[in-house]
Structure formats: C-alpha cells, structure tokens
Amino acid sequence: MITINTVLIGNILSFIAAVLFVLMGLAKTRKKMLTLQLAQVLFLGFSNIVLHAFTGAVMNFVALVRNILCLKFRYTLLMKIVISAVLVGLGLYANNRGLLGVLPIIGTVLVTCCLDFTNVPRLKLAYIISCLLWAFYDFAVSNYSSCLMDIFGITSNIIGIITVKRAEGKAQ
C-alpha cells in the first residue's frame, strides 16, 4: 500500500538520484556519463520499489548491469540486442501500470540502443527523449522528485549539447 510516508521515502531516494542525473547531463565524456548513471539508477531502482513502480525498478536495475558492462567491455551489437530483449521481457513481466508502464521500457531501450554512439550530442539527445517518456511515468507513479529530475535532466543535456558543440566549434 502506498502511504504518504512511502511517497516521501521514494521521493528522497529519487532526489539523490536527481542530483547525480543533472551532473551526468553536464559530463563531457561518455565514461563519466555512464559512471554517474551507475549510482543514479541504483537510487532510482530502490525509489521505484518503494513506490511500487515495478517496471521502473526493473528498468533501472537492468540499466545498472548494462552500464557496468559498457564500462568494462566493448559494447557490441549482440550485447545491445540481448540487453534490449531482457529490458522488454522483464519490463513487460513486471509492468503493473498498463500502457503507462511501457513508457520506461521504450525510454530505456532507446538509451540502450544509443550507448555505443561516440557522438556525445547524439547520445545526449537519446537521453532527452528517454527523459520525456520517464517524466510522464514518474509523475503518474507519484515519483515527483524523479519527474522534476527528468525535466532538469532534459535541460542539463541540452546545455551539455550546446557546450560540446561550442567546444567543437572552437577546436576547428
């Protein structure tokens, strides 16, 4: 049962993740982005469990494993396909929110498919689209800190794209 205390605890965990996510959006390298996201998705996974948002929890814990694999090994097409299949399969199995529960699956699979992008602005664009999908889900499951984080994440990734593009322009 979701109580006000449950919502409060879930949102505190999400707030910690929010700080990490905004820092991730300002990161200038893929490695730093993925490292910050490791901690972020861990806090989000626990937040989603507290809020009984099980699709979100599964997406975050699989994303944690995905990011560890991406940091340790070369990200291959086979890894991308297997991880995407696991995300879809486990996400649909854990979904307790109907069509709403499909949004984080789509957003997480999108990022999974784009993690091998070496073009940082394109990777950040994938995060922006994913954040839009997650924002609707987070609001609906009373994860207001995460919803706000999604909005700030969108903003920080836009700033990150502009910063990288400016740096590329000055280097030429």
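Here, the structure is the one placed above.
Residues numbered from 1 in each chain as written. Predicted model: local features only at pLDDT ≥ 70, side-chain atom pairs only at ≥ 80, totals over all residues. Heavy atoms only, no water.

1. Brief notes about helix 4 (residues 77-94)
Put simply, the rule is: Secondary structure counts use DSSP, requiring at least four H or I residues in a row for a helix and at least two E residues in a row for a strand, with both numbered from the N terminus. One fewer than the residue count of a helix, multiplied by 1.5 Å, yields its expected span. Note on classification: 1.4 Å probe, protein chains only; a residue is buried when its accessible area is under 20% of the maximum for its type, exposed when over 50%, partly exposed between these limits. The arc refers to the directions leading from the helix axis to the C-beta atoms. Note on contacts: a residue pair qualifies if any of its non-hydrogen atoms lie within 4.5 Å across the two residues.
Here helix 4 spans 25 Å end to end across 18 residues, near enough to the 26 Å set by a 1.5 Å rise per residue. Along helix 4, the positions that sit buried rather than exposed are Met79, Lys80, Ile83, Ser84, Leu87, Gly91 and Ala94. Down the axis, helix 4 shows its buried residues gathered within 125 degrees of arc, on one side only. Turned more than 90 degrees off the buried face of helix 4, the exposed positions are Leu77, Leu78 and Tyr93. Close packing links the buried residues of helix 4 with helix 3 (54-72) and helix 5 (102-114).

2. Describing helix 1 (residues 4-26)
The end-to-end C-alpha separation of helix 1 is 33 Å, in line with the 33 Å expected for 23 residues at 1.5 Å each. Those residues of helix 1 that sit buried are Thr6, Val7, Gly10, Asn11, Ser14, Ala17, Ala18, Leu20, Phe21, Met24 and Gly25. Summarising the contacts, the buried residues of helix 1 are in contact with helix 2 (30-50), helix 6 (120-140) and helix 7 (144-171).

3. What to know about the environment of Ser47
Quick reminder of the rule: Distance and chemistry together define a polar contact, namely a pair of N or O atoms within 3.5 Å, with one atom able to donate a hydrogen and the other to accept it when in protein, and with adjacent residues in sequence counting only for side-chain atoms on both sides.
Inspection of the secondary structure assignment puts Ser47 in helix 2. The buried category is assigned to Ser47, whose relative accessible area is 0%. Put simply, Ser47 and Tyr75 are 28 residues apart on the chain and 28 Å apart in space, counted from C-alpha to C-alpha. Setting aside residues up to four positions removed in sequence, Ser47 forms contacts with Gly10, Leu13, Ser14 and Asn143. One polar contact links the side chain of Ser47 to the main-chain carbonyl oxygen of Gly10, over a distance of 2.7 Å.

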